[in-house]
Amino acid sequence: MLSLATLAFLLSLFGTLWVRRLFFRVGHGYASDAPQRFHLGHVPRLGGLGLVMGWAVALAALPALQVARMAGNIDVANIRLPAWLLVIAPAFLGGVAEDVTQRLPVRWRLLLTASSGVLACWLLGLAVPRLGLPWIDAAWASWPWLGIGLALLAVAGLPHAFNIIDGYNGLAGAVAMVVCLALAHVATQVGDRELATVAVALAAATAGFLVWNYPRGLIFAGDAGAYLWGIVIAVIGILLVQRHGIVSPWFPVLLLMYPVWETLFSIYRKLARGDSPGMADALHLHQLVYRRIVRSVLHEDEAEGMLQRNNRTTVYLGSFMVLTVVPAVLFWRFSVVLMGFCALFAVSYVLAYVSLVRFKAQRVFRRSRM
């Protein structure tokens, strides 16, 4: 898969640069007073176009790579790239429209990602076959529509989860790349080279995008990029569980616990305040880390200072990836262990959030600096 990864990386690298040069002025339409905005200047949000170039074109080039003996024993027909493209099309095109206009209503974006979920269940036969709990799985198998409904919810919801954490240079991209590599590792372990190929291509394309996104923030993934990551990763995770009974359904859950829990917790706190869950705000965990930890350990220096704080936010949040990705890769077959780590992450997240809200973490970091 090295040749495929190299091709996807280069296509995304130069494709993203081309998109940035071509659509540079599109960033001027992004409101400077938006609550989720944490950068200075005007930056295009169409990095998703470069991502899809690297991922889709590299997969389309697989037959040519095999003819040239630059790709191994991969069943190209079993990848079903046309079906994948049809699945991502509604959400991705809607994301592009939002990135260009910033005027696509939340309900339409939800409808478009739900449309992608319906297409995934229909074209790829997507369904969650079990929950990893013997006392539930027997009844679960009797009602297959439950598995289809859960798969639809996952494919429709994960794109928005990635969109929520796409607030700082490199954050969502790093999460997507690491998750894709973990999925590719487990897919290789169970002999599913086709799913591993799809995951490796997306990881490599994301790496090419990150060259321009981190640390300088020259282009953002935007809604289109977040939707591409969310849909492809959700489908890979569900297919891995569906095709291979040895893979616990809690493996992709733990692997994606950070964006998923961030989304669920955000919905809870907004409803608790009487606000709409679709309303943007600046109270997500990564935004609190930026405001109350990173700002406390770096000097203020306008644009450069803001850029440095932006970049460090991703580094600080890397610890949450350790709590999810490492145990998920180590214990991908054991549902009880994975569930325990999911609960540990949820508790750790809430404690960290409350600590940041009450300024406790900020005081700790200030003392450590002195």
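Quick summary incoming for the structure in this document.

**Regarding the overall build of the protein chain**
Inference 1: Scanning the protein chain from N- to C-terminus turns up 18 helices and zero strands.
Inference 2: Relative to its 370 residues, the protein chain shows a buried fraction of 52%.
Inference 3: Within the protein chain, contacts between residues at least 6 apart in sequence are counted, and of these 77% link residues at least 24 apart.
Inference 4: Surface exposure of the protein chain reaches about 16,400 Å², of which carbon and sulfur atoms provide 68%.

**Let's talk about the packing of helix H8 (residues 144-165) against helix H11 (residues 222-243)**
Inference 1: Two elements in contact, H8 and H11, have axes whose closest approach is 7 Å; the angle formed by their N-to-C orientations is 140 degrees. Two packed elements cross with a definite hand, and for H8 against H11 that hand is right-handed. Within the contact between the two elements, H8 uses Ala151, Ala154, Val155, Leu158, Pro159, His160, Phe162 and Asn163 and H11 uses Gly222, Asp223, Ala226, Tyr227, Trp229, Gly230, Ile231, Ile233, Ala234, Val235 and Ile238.
Inference 2: The residue makeup of the contact of H8 with H11, split by class, is 14 nonpolar, four polar and one charged.

**With respect to unusual backbone geometry**
Inference 1: Unusually for a residue other than glycine, Arg80 sits at a positive phi of about 60 degrees.
Inference 2: With respect to the secondary-structure elements, Arg80 resides in the loop between helix H4 (76-79) and helix H5 (81-101).
Inference 3: Residue classification places Arg80 among the partly exposed positions, given a relative accessible area of 39%.

**Observations regarding the side chain of His160**
Inference 1: By the element assignment, His160 lies in helix H8.
Inference 2: When its relative accessible area of 16% is taken as the criterion, His160 is described as buried.
Inference 3: When neighbours within four sequence positions are excluded, His160 is seen to be in contact with Arg109, Leu110, Thr113 and Tyr227.

**What about the side chain of Ser12?**
Inference 1: Summarising the element assignment, Ser12 is placed in helix H1 (residues 2-22).
Inference 2: Dropping the residues within four chain positions of it, Ser12 is found in contact with Gly50, Leu51, Gly54, Ala205, Gly208 and Phe209.

**Points about the packing of aromatic side chains**
Inference 1: This model, assessed by the stated rule, comprises nine aromatic pairs.
Inference 2: Look at Phe209 and Trp229: their rings are 6.0 Å apart centre to centre, the planes differ by 70 degrees, and that puts the pair in the edge-to-face class. Of the two residues, Phe209 sits in helix H10 (residues 193-213) while Trp229 sits in helix H11, which places them 20 residues apart along the sequence.
Inference 3: Classification of Trp229 as buried rests on a relative accessible area of 0%.
Inference 4: For the pair Phe345 and Tyr349, a centre-to-centre distance of 6.3 Å together with 40 degrees between the ring planes defines the contact as tilted. Pair noted here: Phe345 and Tyr349 are both in helix H17 (residues 335-357), with a separation of four residues, about one helical turn. Of the two residues examined, Phe345 and Tyr349, each falls in the buried class.

**Brief notes about the environment of Ser248**
Inference 1: With respect to the helices, strands and loops of the structure, Ser248 is situated in the loop between H11 and helix H12 (250-255).
Inference 2: Sequence separation between Ser248 and Ala328 is 80 residues, and the spatial gap between their C-alpha atoms is 9.8 Å.
Inference 3: Every residue in contact with Ser248, bar those within four places of it in the chain, is listed here: Val241, Trp332, Arg333, Phe334, Ser335 and Leu338.

**Describing the nonpolar core**
Inference 1: Membership of the largest hydrophobic core comes to 98 residues, with the highest contact counts inside it found for Trp55, Trp84, Phe162, Trp229, Ile233 and Phe251.
Inference 2: Take this core: its biggest share by element is 15 residues, from H11.
Inference 3: Non-local contacts of Phe162, meaning those with residues more than four positions away in its chain, are made with Ala172, Val175, Ala176, Ala226, Trp229, Gly230, Ile233 and Leu256.

**Overview of the environment of Val128**
Inference 1: Mapping Val128 onto the fold places it in the loop between helix H6 (106-123) and helix H7 (134-142).
Inference 2: With 16 residues separating them in the primary sequence, Val128 and Pro144 have C-alpha atoms 8.6 Å apart.
Inference 3: Sequence-distant contacts of Val128, that is, excluding residues within four places in its chain, are made with Trp140, Gly147, Leu150, Ala151 and Ile238.

Conventions we followed
- Residues numbered from 1 in each chain as written.
- Predicted model: local features only at pLDDT ≥ 70, side-chain atom pairs only at ≥ 80, totals over all residues.
- Heavy atoms only, no water.
- Helix = DSSP H or I, 4+ residues; strand = E, 2+ residues; numbered from the N terminus.
- Buried < 20%, exposed > 50% of the residue type's maximum accessible area, 1.4 Å probe, protein only.
- Contact = heavy atoms within 4.5 Å.
- Areas by Shrake-Rupley, 256 points an atom, 1.4 Å probe, with all protein chains shown as cover.
- Axes fitted to C-alpha atoms, helices over the stretch in contact; angles between N-to-C directions.
- Left-handed = near helix turned anticlockwise from the far one by under 90°.
- Nonpolar A, V, L, I, M, F, W, Y, C, P; charged D, E, K, R; others polar.
- Phe/Tyr/Trp six-rings, centres within 6.5 Å; stacked < 30°, edge-to-face > 60°.
- Core = buried A, V, L, I, M, F, W, Y, C linked by side-chain atoms within 4.5 Å.

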